[in-house]
Amino acid sequence: MEAIIPVKNGQSVKKYSHVLVRFQSLIALFILCVAISLLSDKFLTVTNTWNVMRQISVNICISVGMTLVVLTAGIDLSVGSVLALCGAITAGLLKNGIEIPSNNLFIGFTLLGAIVAGLLIGALLGLFNGWAITRWKVPPFVATLAMLTIARGFTMLWTGGYPISSLGSGFDYIGTGWLLGIPVPVWISGIVVAAAIVLTKKTRLGRYVYAIGGNEQAAKLSGIRINKIKMAVYTTAGALAAIGGIMVTSRLDSAQPNAGITYELDAIAAVVIGGTSLSGGRGSILGTVLGAVIIGVLNNGLVLLNVSPFWQQVVKGGVILLAVIIDKANTKTE
Amino acid sequence: MNIQKRFLPSLFLWVLPVLFCLSACRNNPAAGKPKRMAVVVSTLNNPWFVFLAEKAAAKAKELGYETKIFDSQNNTALETDHFENALASGYQAILFNPTDAEGSVVNVQKAKDAGVPVFCMDREVNSTDAATSQILSDSYAGCVALGKYFVEKMNKQGTYVELLGLVGDNNTWNRSKGFHSVVDYYSGLKMVAQQSADFDRNKGMEVLESILQAHPDINAVFCGNDAMAMGAYQALVAAGKADKVKIFGFDGAPEVIESIRDGKIVATAMQFPEVMANTAATSADEYLKGKRDFPKKLPVAVELVNKEDINDYSAYGKKE
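Quick summary incoming for the structure in this document. (Residues numbered from 1 in each chain as written. Chains lettered and ligands numbered in written order. Predicted model: local features only at pLDDT ≥ 70, side-chain atom pairs only at ≥ 80, totals over all residues. Heavy atoms only, no water.)

## A few points about the overall build of chain B
Here is step 1 of the chain: A tally of helices and strands in chain B yields ten helices and 14 strands.
Here is step 2 of the chain: In chain B, once contacts between residues fewer than 6 apart in sequence are set aside, the share between residues at least 24 apart is 73%.
Here is step 3 of the chain: Here chain B has roughly 14,200 Å² of accessible surface; of this, 54% comes from carbon and sulfur atoms. (Helix = DSSP H or I, 4+ residues; strand = E, 2+ residues; numbered from the N terminus. Contact = heavy atoms within 4.5 Å. Areas by Shrake-Rupley, 256 points an atom, 1.4 Å probe, with all protein chains shown as cover.)

## Focus: the pattern of salt bridges
Once the charged atoms of two side chains with opposite charge are near each other, the side chains can pair.
Here is step 1 of the chain: Considering all chains together, one arrives at 13 salt bridges over all chains under this definition.
Here is step 2 of the chain: Put simply, A:Arg251, B:Glu206 and B:Glu209 are held in one network by salt bridges that share partners. (Salt bridge = Lys/Arg side-chain N within 4 Å of Asp/Glu carboxyl O.)

## Brief notes about unusual backbone geometry
Excluding glycine, a negative phi dihedral is what most residues carry, and trans is how most peptide bonds are arranged.
Residues and elements named next belong to chain B.
Here is step 1 of the chain: Unlike most non-glycine residues, Asn-155 shows phi in positive territory, near 60°.
Here is step 2 of the chain: With respect to the secondary-structure elements, Asn-155 resides in the loop between helix H5 (139–154) and strand S6 (158–164).
Here is step 3 of the chain: Take Asn-155: its relative accessible area is 62%, and that puts it in the exposed class.
Here is step 4 of the chain: Despite not being glycine, Phe-199 shows a phi value in the positive range, around 60°.
Here is step 5 of the chain: Positionally, Phe-199 belongs in the loop between strand S7 (189–196) and helix H7 (201–214). (Buried < 20%, exposed > 50% of the residue type's maximum accessible area, 1.4 Å probe, protein only.)

## Describing the side chain of B:Arg36
Here is step 1 of the chain: On the secondary structure map, B:Arg36 appears in strand S1 (residues 36–41).
Here is step 2 of the chain: Of note is the side chain of B:Arg36, whose polar atom sits 2.6 Å from the backbone oxygen of B:Ser89. (Polar contact = N/O pair within 3.5 Å; in protein donor to acceptor, adjacent residues only side chain to side chain.)

## Observations concerning the interface of chain A and chain B
Interface size, as often reported, equals the accessible area lost upon joining of the parts.
Here is step 1 of the chain: Taken together, the 37 residues of chain A in the interface contact 31 residues of chain B.
Here is step 2 of the chain: Buried area between chain A and chain B, both sides added, is near 2,800 Å², and the carbon and sulfur share of it is 51%.
Here is step 3 of the chain: Scanning the region where chain A abuts chain B turns up two salt bridges.
Here is step 4 of the chain: Here A:Arg251 and B:Glu206 are joined by a salt bridge, their closest N and O atoms 3.6 Å apart.
Here is step 5 of the chain: Remark: the boundary between chain A and chain B carries 16 residue pairs in polar contact (both at pLDDT 80 or more).
Here is step 6 of the chain: Contributions of two or more residues to the side of chain A that touches chain B are made by helix H2 (46–71), helix H5 (140–159), helix H10 (226–252), helix H12 (285–304) and helix H13 (309–333) of chain A.
Here is step 7 of the chain: If you tally residues by element for the side of chain A that touches chain B, the top one is H2(A), at five residues. (Buried area = accessible area lost by both parts, 1.4 Å probe.)

## Notes on the packing of H7(B) against helix H8 (residues 226–238) of chain B
Residue and element names in this part refer to chain B.
Here is step 1 of the chain: In the contact formed by H7 and H8, the axes pass within 7 Å of each other and the chain directions differ by 45°. Here H7 lies oblique to H8, going by the angle between them. As H7 packs across H8, the resulting crossing turns out to be right-handed. Packed against H7, whose contacting residues are Arg-201, Gly-204, Met-205, Leu-208, Glu-209 and Leu-212, the element H8 presents Ala-227, Met-228, Met-230, Gly-231, Ala-232, Gln-234, Ala-235 and Leu-236 at the interface. (Axes fitted to C-alpha atoms, helices over the stretch in contact; angles between N-to-C directions. Parallel < 35°, antiparallel > 145°, perpendicular 65-115°, else oblique. Left-handed = near helix turned anticlockwise from the far one by under 90°.)

## Some remarks on the side chain of B:Thr43
Here is step 1 of the chain: Counting through the fold element by element, B:Thr43 comes out in the loop between S1 and helix H2 (47–62).
Here is step 2 of the chain: When sequence neighbours within four positions are dropped, the list of residues in contact with B:Thr43 reads B:Phe49, B:Asp71, B:Gln73 and B:Asn74.

## Re the sheet that holds strand S2 (residues 66–71) of chain B
Residues and elements named next belong to chain B.
Here is step 1 of the chain: Strand order in the open sheet made by the six strands is S2-S1-S3-S4-S5-S11, with parallel pairing throughout. Either end of the sheet is taken by a strand with one partner, and the two such strands are S2 and strand S11 (297–300). Averaged over neighbouring strand pairs, the angle between their axes works out to 15° when direction is ignored.
Here is step 2 of the chain: Bridge analysis of S1 against strand S3 (residues 93–96) gives four bridges, and the strand direction is parallel. The residue of S3 that forms the bridge with Ala-38 is Ile-94. (Pairing = 2+ DSSP bridges.)

Pasting the structure below:
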């Protein structure tokens, strides 16, 4: 709980630190790109750039939600499971609809209907997280850990443990299509990022999110309705995980029951590398995007260079650690 | 605070009787000594193992046993708990798919000491006498056959990529070694990249997308399971190279069988989970009826499936 940033007179310091944090991730990304392109001439090509962008778009969606949650000094461990469940629900509704044999009722779903249902379920699960955290004072770590298991269980129940595949044409556009020369997933994640930046920088809700993470007690005393805002944040995180789930499902033309396992860790890594403090109140969406890009470039580069899979895990862990060490050093010298 | 104070004690008051009731429900049928078999499976997070467990349970049920499936979630410690619970609640036999060849030995031994026979399915435990019988999928031999077909289809030359499964998994290396035991003899066949995609469809696609950047002209991809093969196929379609690159999988999953028929994937190695599950359940039944001589190891062949003989096969097995 050190370094509580005063809202008014510390504004300039805060701005300065933001620039610094953003700058530092950018430098890291630049060095990484130069290093990889020196070692492989296949890295800095147009198709590979689109590859990396498309691959990270799912992580970006989840990480944006995670950033909002972490800014309130919370955490959401359930995003990977929620992603799997929402992808599976969209796929299942699209392919099989709902049959209620007792009433001899069949409900078919259009593409839009199935997607909206998936998004709604994601938002509902997020809302439930927020509700458990605010109403019953369950620590976010525990509440979302429980949801991680619950949502995975529901995914298994819904799919019966088997993938739901061949979802028909039209649906694959979300994951594999192109629009104005840019892959559709990149559009989606771009819109999510833009909306989140506006939310955090330009709206009262965004300022409250920072305020809650900075000092929850002070925020409460100044009349901010903490519970409502926390619920909104977890709901957003759930809905964004659902978007990620629909994109993954569309890309693969298949909803895998084991999709999204450990995605929460990738998202947390992106948030942390991007310079958002896990104790809340400090960080930015743009930083997280850079964090996600760094992870994506690393994943891509290590494969391009055919680095042994054993070493890849060591390198990725090392990068996360290094990023946080540099970040800590910077906050101290602020 | 207030809410918690009122809520917690009342929660306990409600939950405790329910728990008593549950254990009572569990004990009652055991008193009447029905015949019961436990199915302990390494994971239900993978369709192949779901199929194996369901088939084993179905066969046992057909033979007149009550069954329950225990999911070890790839965790040997959890598996130990399942064994203890199964032994304590009076299961007479265990149909077992181990999480780990070494780590699972103690569990099997514990069951043997308690006089409960254990029949291993698909994966083995490294002990010659703990399990009553081990009905095993011969991954290595299956990949030798696949490797031979690979060499033939490639005309002994070309470049290829190998997608490995989870690098900490025995099966990953059994399959890889079987494949390389053949293919490495041909100097015309060059492996340009060997990367792990964790047996996962999404990772398979993403890893191959990246590899295709470094090696756009590969001729083939060998995948350690069918999920990765489907992912690889999707990456190749997106790159417009699906018709130029030959894909080889392993498992015999439903979609890959369809894909081989359509010529999208060249071949896979068919395992027979249903055969293994049925053999295990039938053997356990025979054991409980008095039979004692079982082969310690019963290998179940892994067969090559390609377009020529695809009509003999369906998902996870032969056509009936």
